Amino acid sequence: MLWPITTTINAAGHLAIGGVDLLDLAREWGTPLYLYDEATIRERCRAFHAAFDARYPESAIVYAGKTYLSPAILAILREEGVWLDVCSGGELGLALRCAFPAARIVFHGNNKSPDELRLAVEAGIGRIIVDNELELGRLIALGEELGRRVPIALRLNPGVGAHTHEYRLTGVVDSKFGFPTIDDQAERAVARAIGAASVELLGYHCHIGAHIFELEPYRDAVAALFRFAAEMRDRHGFIPAEISPGGGMAIAYIPEDEARQSAPDQIASVIGDALRDCAAAVGLPAPRTWIEPGRALVGQAGVALYTVGAVKEIPSVRRYVAVDGGMADNIRPALYEAEYTAAIANRPGPRFHAEGGTASEGELTSRVVGKYCESGDLLIREIALPPVETGDLLALPASGAYNLAMSSNYNLAFRPAVVFVNDGRARLTRRRETLDDLLSAEVFES
Ligand SMILES: *Cc1c(COP(=O)(O)O)cnc(C)c1O
């Protein structure tokens, strides 16, 4: 699904989400505005839990925090029993300040700093996913120094491809992430880890990339991890307690994606079967697992709201619809040609949920662009929208993942406010930034 599960057209003929009229939200908090539908986040968490409980109960659902992190979302995830993956000292610091249980935190990253590693070990987080030899050495030393046995897993590079943008591939041989398995680097790490008293090697992890629709790459990745696991058992006697195929499950951003998207049940079936079958095939016990969905938990819950400003028609070319946000709050179209759709929240019309594709009668192909000083600052390259007017409220669904997380203050833009909606109520979870916020770190010379 593209829109939050509570999306309706209300009696006034406006789009409403979580029982709240989007026009009321825009009036109260201004635009650009991001909203999250709490019911959708919870529904996604529960669907993944139910799917894995039924098909591979020895599993945890670990939210990839880099997708979007805030105290409000952490509170919901914690209530839902979801674990958290972090990839920086900042994300870890936020989680610890929000009293997220340290034992349920997994720490990723290809170049964690000594300070970040120390923070993680001192906090007693659940898993540190070791990416390279330098880090393994640092963790062994830290564990000795602090008198801890640090729980770790090795991130392996399984050499598995998938159909996604090159910038989103992380499990191919030529990648900055993980221990290569084409030579003996990964094996040396296993030998070193099992020989060190200050780390506890739990098993192996990989992450093949992001926004992956097919499920075969997950099966391939699991198979590759087990091939390696069997070799390590044979040569070093090490049996992994855990094996994780990472995250990266795709969501629908445009109507055409909806049929391609896998349901949690399908994902759990494929991964659960792969873990069981591969373990049996090489004679290893079926391990515990965890998966790391990011966008699949929160992408659909988020909607971006913009007010239309200038509308420019270039005869026999297209219509440019400029909104009051853009690449500062959503860099994804500029960064890797991410696609979005939109609806006019103040008069969505019957096909609000199916906007996109080519223009039909009364519609002109439009390009939705931002207000920042780059030609590449666009949100939707091509969309068939009914005539749009200045002042219209444009709602972009599937905006919950990586938009705000990657947002910037380019052009000294103020990051948008964020509201969570639920049961007819909206609550502000982050206020719009101000000039004072932006200048608060500057050192003014007197
Ligand atoms: C980014 C990331 C994820 C989540 O990716 P999604 O595409 O949002 O599911 C999971 N695991 C790791 C290691 C990641 O880097």
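Residues numbered from 1 in each chain as written. Predicted model: local features only at pLDDT ≥ 70, side-chain atom pairs only at ≥ 80, totals over all residues. Heavy atoms only, no water.

A. Expanded view of the overall build of the protein. Within the protein, the secondary structure is distributed over 12 helices and 22 strands. A compact globule built from 446 residues would reach a C-alpha radius of gyration of about 22 Å, and the protein, at 23 Å, matches this within 12%. Across the 446 residues that make up the protein, the buried fraction comes to 56%. Within the protein, contacts between residues separated by at least 24 positions form 70% of all contacts whose residues are at least 6 apart in sequence. Only carbon and sulfur atoms are counted for the fraction: they give 51% of the accessible area of the protein, which is about 18300 Å². A distance of 2 Å separates the average location of the 43 positive side-chain charges in the protein from that of its 58 negative side-chain charges. (Helix = DSSP H or I, 4+ residues; strand = E, 2+ residues; numbered from the N terminus. Rg over C-alpha atoms; globule rule 2.2 N^0.38 Å. Buried < 20%, exposed > 50% of the residue type's maximum accessible area, 1.4 Å probe, protein only. Contact = heavy atoms within 4.5 Å. Areas by Shrake-Rupley, 256 points an atom, 1.4 Å probe, with all protein chains shown as cover. Lys, Arg positive; Asp, Glu negative; His and termini not counted. Charge placed at Lys NZ, Arg CZ, Asp CG, Glu CD.)

B. Broad picture of the site of the ligand. Within the structure, the ligand sits among 17 residues, and Lys66, Gly248, Glu292, Arg295 and Tyr402 are positioned closest to it. For the ligand, an oxygen atom lies 2.9 Å from a polar atom in the backbone of Gly248. Between Glu292 and the ligand, the recorded distance is 2.6 Å, taken from a side-chain N or O atom to a nitrogen atom. Burial of the ligand by the protein chains amounts to 93% of its free accessible area of 390 Å². (Near = heavy atom within 4 Å. Polar contact = N/O pair within 3.5 Å; in protein donor to acceptor, adjacent residues only side chain to side chain.)

C. Looking closely at the nonpolar core. If you look at the biggest cluster of nonpolar residues, it comprises 105 residues, and the most contacted ones within it are Tyr36, Ile41, Ile128, Leu139, Ile152, Tyr204 and Leu394. Domain assignment of the residues forming this core places at least three in each of domain 1 (8-30 + 301-439) and domain 2 (38-298). Val20, Ala252, Leu305 and Ala417 belong to the second largest nonpolar core, which has 21 residues in total. (Core = buried A, V, L, I, M, F, W, Y, C linked by side-chain atoms within 4.5 Å. Domains from an automatic or database assignment.)

D. Representation of the layout of surface pockets in the model. Roughly 620 Å³ of internal volume is contained in the largest pocket. Around the largest pocket sit 28 residues that line it, and Lys66, Thr170, Phe177, His207 and Tyr402 are the ones nearest its centre. Of the residues assigned to the lining of the largest pocket, the class counts are 10 nonpolar, 11 polar and 7 charged. Inspection of the lining of the largest pocket shows a minimum of three residues originating in each of domain 1 (8-30 + 301-439) and domain 2 (38-298). (1 Å grid on protein atoms, 1.4 Å probe; cavity = no way out; pocket = protein on both sides within 12 Å on 5 of 7 lines; lining within 4 Å. Points joined across faces, edges and corners; volume = space filled by probe spheres on them. Nonpolar A, V, L, I, M, F, W, Y, C, P; charged D, E, K, R; others polar.)

E. Seen up close, the pattern of salt bridges. Evaluated as defined, the whole model comprises 25 salt bridges. Linking Arg430 and Glu433 is a salt bridge whose minimum nitrogen-to-oxygen distance equals 2.8 Å. A single salt-bridge network, built from bridges that share partners, covers Glu38, Arg42, Arg46, Glu79, Glu80 and Arg427. (Salt bridge = Lys/Arg side-chain N within 4 Å of Asp/Glu carboxyl O.)

F. Main features of the sheet that holds strand β3 (residues 20-21). The strand order β1-β2-β3 describes an open sheet built from 3 strands, whose pairing is antiparallel. The open sheet terminates on both sides in strands that have one partner only, identified here as β1 (8-9) and β3. Bridge count for strand β2 (residues 15-17) against β3 is 2 bridges, and the pairing is antiparallel. Paired with Ile17 across the bridge in β3 is Val20. (Pairing = 2+ DSSP bridges.)

G. Fine view of the pairing of strand β6 (residues 83-86). Where burial is concerned, the two faces of β6 agree: the one with Trp83 and Asp85 and the one with Leu84 and Val86 are both buried. With 3 bridges connecting them, strand β5 (residues 59-64) and β6 associate as parallel partners. Directly across from Tyr63, in β6, lies its bridge partner Leu84. In this fold, the crossover linking β5 to β6 by way of helix α3 (residues 71-79) has right-handed handedness. Relative to strand β7 (residues 105-107), β6 is paired through 3 bridges, and the arrangement is parallel. By the bridge assignment for β7, Asp85 is matched with Val106. Crossover handedness for the path β6 to helix α4 (residues 89-97) to β7: right-handed. (Right-handed = clockwise from strand over helix to strand, strands pointing away.)

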